[in-house]
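Residue-level listing of the chains:
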Amino acid sequence: MRYIEQQTVVKRMNSRLIINKIFQSIFLLATLLALLALVILLYRIVSQGVGHLSLEFLMNFASRFPEKAGIKAALIGSLWLMMVVAPTSIILGVGSAIYLEEYAKQNRITSFIRMNISNLAGVPSVVFGLLGLTIFVRAMALGNSVLAAGFTMSLLILPVIVVAAQEAIRSVPGEMRDASYGMGATKWQTIIKIILPAALPGILTGSILALSRAIGETAPLIVIGVPVIIQFLPAGVMDTFTALPMQIYDWSSRPQQEFQTVAAAGIMVLMAVLLIMNSIAVIIRNKFDKRY
Amino acid sequence: MRPSVQEMIARSQSKKNKKMTEKLIPILLFLIASVSVLTSIGIVLTLIVETITFFTRVPFFEFIFGTTWLPFSNKDAQFGILPLIVGTLKVTFIAIVVAVPIGIAAAIYLSEYASENIRRVLKPILEVLAGVPTIVYGFFALTFVTPMLQLIFPAIKIFNAISPGIVVGIMIIPMIASLSEDALSSVPKSIREGALAMGSTKFEVAWKITVPAALSGIIASVVLAVSRAIGETMIVSLAAGSTPRLDGDFTGSIQTMTAYIVQVSKGDAGFGTTIYYSIYAVGFTLFVFTMVMNILASYVSKRFREEY
């Protein structure tokens, strides 16, 4: 008696191989479909917006005439926003990560903080807007200022930075730590002079990616009440401002066809900012990757 | 004479302020780490307090079971949240129909078929999709996907549930693909190689071995994507319209929970009006929905994980 019926195997072999091939193509097609969506999206925006993109567009304030509408206030406003978000979120994020990785004991409080951070990452951004509206805009009376929006955005991207910084700190080899202790350094000296410099590339990469999320985020700004039409630049963090995505939202939602090209041009500016930030992150990652 | 090393160490150790630093820093860092906890407490308290105020004006059951959402009417404003929930679910449903097959197929391709080089090119490009701001997707839905759909199905209105649904789906593809790929890749190589050595084709390995083994991770990724789709704001604000409705129509203007919050925030709903408090009640409902999904996802991935 034979264990394998060779006839059956031979008969089925072809169809099995064909099924394999068919599904391989389907899976590849699905992957390419997702990439195709990206290509169409980028092509559409560039082809619509490139005509309106000019130096004038960057230098003009918003206008109700599409041909005069510019993005100056929004671009500068987004930079102001980043000037608040970057230090706030990085100090809070890296501080939390150092605490969790270096100081926290394995107890209920620590695991509660960890669980809390991962839950916070799943809260919709519009809900963060409601938090900002109540706490920063109203309770702390910051109004729709750069500071209120910046604090809200910082809390929104905090979980991302904490997780990235934790991973960066964790990847610093234990021997470096031991060597530092062996030389008589205290814990804080070890952290500030050995671990943080070694983890810096990872922390920077994660932080830049998180900041690029903050720069494109719209919903919290709308809920906070950030205005759109602004004819002046903020002079300080307590001034009101507008930001790139707000401006794009306003242009997109106008019924006139002409404003769609203005919106597309605005999106190109936003995407260019994101591209620059992401390139910096990639350069940092490649330059400092695998040092150990 | 220069001090010896021992003396220097002794001197520096005797410095009081250094010891103070070593003691103070952990406390300071603990305070920083608790900001995230305070944020969560802040979110929950904010939502609950303002929602309670809302419920002093609108009865709880009318909010939960009411079938009409008519907040801007001066005479008889009605706050029944069901139409907003139905709107949210319509968009989420379409997004999932689009994203789940494509996302999982891409994950299988990347983890089972693609060579290391192809994967190294494709994965970052997929991640670019995840990094595109949602406002850009919203613009895309409104100015490209909707006109395209109208060409094929003239019955579709400018504002509808299908176009934003498709675009939300595109947005969450990278999330499903990347998380599912992680789950598939964590299935040990030995199991895969065992099946291949027995004469299985790659498809049979994927379908009968790795996908079942990674099922908990794949399901968790889908649940997380549902949560993202429910909370998505800008795409639906731009492309889905602002007509709360309870029927099963996908082709006309609808309104989601998130879009309602944006609509009110954009206008001038004075502080203290019922409309003002209603955005917190809607926000709270949205928060509950996404939290349930997130908890479900972590439960699924923990409870049903196959350990090797």
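Definitions and limits used
Residues numbered from 1 in each chain as written. Chains lettered and ligands numbered in written order. Predicted model: local features only at pLDDT ≥ 70, side-chain atom pairs only at ≥ 80, totals over all residues. Heavy atoms only, no water. Helix = DSSP H or I, 4+ residues; strand = E, 2+ residues; numbered from the N terminus. Rg over C-alpha atoms; globule rule 2.2 N^0.38 Å. Buried < 20%, exposed > 50% of the residue type's maximum accessible area, 1.4 Å probe, protein only. Contact = heavy atoms within 4.5 Å. Areas by Shrake-Rupley, 256 points an atom, 1.4 Å probe, with all protein chains shown as cover. Domains from an automatic or database assignment. Buried area = accessible area lost by both parts, 1.4 Å probe. Salt bridge = Lys/Arg side-chain N within 4 Å of Asp/Glu carboxyl O. Polar contact = N/O pair within 3.5 Å; in protein donor to acceptor, adjacent residues only side chain to side chain. Nonpolar A, V, L, I, M, F, W, Y, C, P; charged D, E, K, R; others polar. Phe/Tyr/Trp six-rings, centres within 6.5 Å; stacked < 30°, edge-to-face > 60°. Lys NZ or Arg CZ within 6 Å of the ring centre and 35° of its normal. UniProt positions renumbered as here; feature names shortened; annotations may be inferred.

(A) View of the overall build of chain A. When you go through chain A residue by residue, the secondary structure sums to eleven helices and zero strands. Counting from the amino terminus, chain A carries its helices and strands in the arrangement α-α-α-α-α-α-α-α-α-α-α. In terms of C-alpha radius of gyration, chain A reaches 25 Å, well past the compact-globule figure of 19 Å for 292 residues. With the C-alpha coordinates aligned to their principal axes, the bounding extent of chain A is approximately 90 × 65 × 35 Å. Of all 292 residues assigned to chain A, the portion counted as buried reaches 52%. Within chain A, contacts between residues at least 6 apart in sequence are counted, and of these 74% link residues at least 24 apart. Here chain A has roughly 14,100 Å² of accessible surface; of this, 66% comes from carbon and sulfur atoms.

(B) Quick look at the domain arrangement of chain B. Residues and elements named next belong to chain B. According to the domain assignment, chain B contains domain 1 (5-56) and domain 2 (70-304). The gap between the C-alpha centroids of domain 1 and domain 2 is 36 Å. The interface of domain 1 with domain 2 comprises nine residues on the first partner and ten residues on the second. Taken together, both faces of the contact between domain 1 and domain 2 bury some 860 Å²; the carbon and sulfur share is 86%. Where domain 1 touches domain 2, the interface holds zero salt bridges. Our enumeration of links across domain 1 and domain 2 arrives at one residue pair in polar contact (both at pLDDT 80 or more). Of the residues assigned to the side of domain 1 that touches domain 2, the class counts are five nonpolar, three polar and one charged.

(C) Main features of the interface of chain A and chain B. Across the contact, 69 residues belong to chain A and 70 residues belong to chain B. Buried area between chain A and chain B, both sides added, is near 6,100 Å², and the carbon and sulfur share of it is 78%. Counting the surface chain A buries against chain B, the share from its top three residues, F27(A), L130(A) and Y249(A), is 11%. Our count for the contact surface shared by chain A and chain B stands at one salt bridge. E204(B) is the partner of R16(A) in a salt bridge, and the nearest nitrogen-oxygen pair spans 2.7 Å. Joining chain A to chain B, the criterion identifies 13 residue pairs in polar contact (both at pLDDT 80 or more). With 20 residues, helix α1 (residues 6-49) of chain A is the single largest residue contributor to the side of chain A that touches chain B. Taken together, the residues of the side of chain A that touches chain B sort by class into 48 nonpolar, 17 polar and four charged.

(D) A look at the packing of aromatic side chains. Using the criterion set out here, one finds 23 aromatic pairs over all chains in the structure. With centroids separated by 5.5 Å and ring planes inclined at 55 degrees, the aromatic side chains of F136(A) and F151(A) adopt a geometry described as tilted. Of this pair, F136(A) sits in helix α5 (residues 125-139) while F151(A) sits in helix α6 (residues 146-170), and the two are 15 residues apart along the sequence. F136(A) sits in the buried class, given a relative accessible area of 10%. For F151(A), a relative accessible area of 22% translates into the label partly exposed. Between the aromatic rings of Y109(B) and Y113(B), the centroid separation amounts to 6.3 Å while the plane-to-plane angle is 15 degrees, which identifies the pairing as stacked. You can see Y109(B) and its partner Y113(B) sitting in helix α4 (residues 82-113), four residues apart, about one turn around the helix. Accessibility expressed as a relative area gives 8% for Y113(B), which makes it buried. One aromatic cluster is present, built from ring pairs that chain together F54(B), F55(B), F60(B), F61(B), F63(B), F65(B), W69(B), F72(B), F79(B) and Y260(B). Positioned over the ring face of F259(A) is R254(A), at 4.6 Å from the centre of the ring. Lying over the aromatic face of F250(B), K90(B) brings its terminal NZ or CZ to 5.8 Å of the ring centre.

(E) Representation of the pattern of salt bridges. All names here are of chain B. For the structure on display, the rule yields 13 salt bridges over all chains. Two residues, R245 and D247, come together in a salt bridge whose shortest N-O distance is 3.1 Å. R245 gets classed as partly exposed once you look at its relative accessible area, which sits at 22%. Linked through salt bridges whose partners overlap, the residues forming this network are E116, R119, K123, E181 and D182.

(F) Spatial organisation of the UniProt feature "domain: ABC transmembrane type-1" (unreviewed entry) in chain A. The residues that UniProt annotates with the feature "domain: ABC transmembrane type-1" (unreviewed entry) are residues 75-280 of chain A. Secondary structure over residues 75-280 of chain A splits into 78% helix and 0% strand, and the C-alpha atoms at its two ends are 19 Å apart.

(G) Seen up close, the domain arrangement of chain A. Residue and element names in this part refer to chain A. According to the domain assignment, chain A contains domain 1 (6-52) and domain 2 (56-290). Between the C-alpha centres of domain 1 and domain 2 there is a distance of 35 Å. Counting residues at the interface gives seven residues for domain 1 and twelve residues for domain 2. A per-residue breakdown of the area domain 1 buries against domain 2 is headed by I45, Q48 and H52, which together make up 74% of the total. Here domain 1 is connected to domain 2 by zero salt bridges. Summed over the shared surface of domain 1 and domain 2, the result is zero residue pairs in polar contact (both at pLDDT 80 or more). Looking at side-chain class alone, the side of domain 1 that touches domain 2 contains four nonpolar, three polar and no charged residues.

(H) Quick look at unusual backbone geometry. In this structure, A141(A) is a non-glycine residue whose phi angle is positive, near 55 degrees. Residue placement: A141(A) occurs in the loop between α5 and α6.

(I) Examining the UniProt feature "transmembrane region" (unreviewed entry) in chain A more closely. Taken from the UniProt record, the annotation "transmembrane region" (unreviewed entry) applies to residues 21-46, 73-100, 120-141, 190-215, 221-241 and 262-284 of chain A. Between the C-alpha atoms that bound residues 21-46 of chain A the distance is 37 Å, and the span itself is 100% helix and 0% strand.

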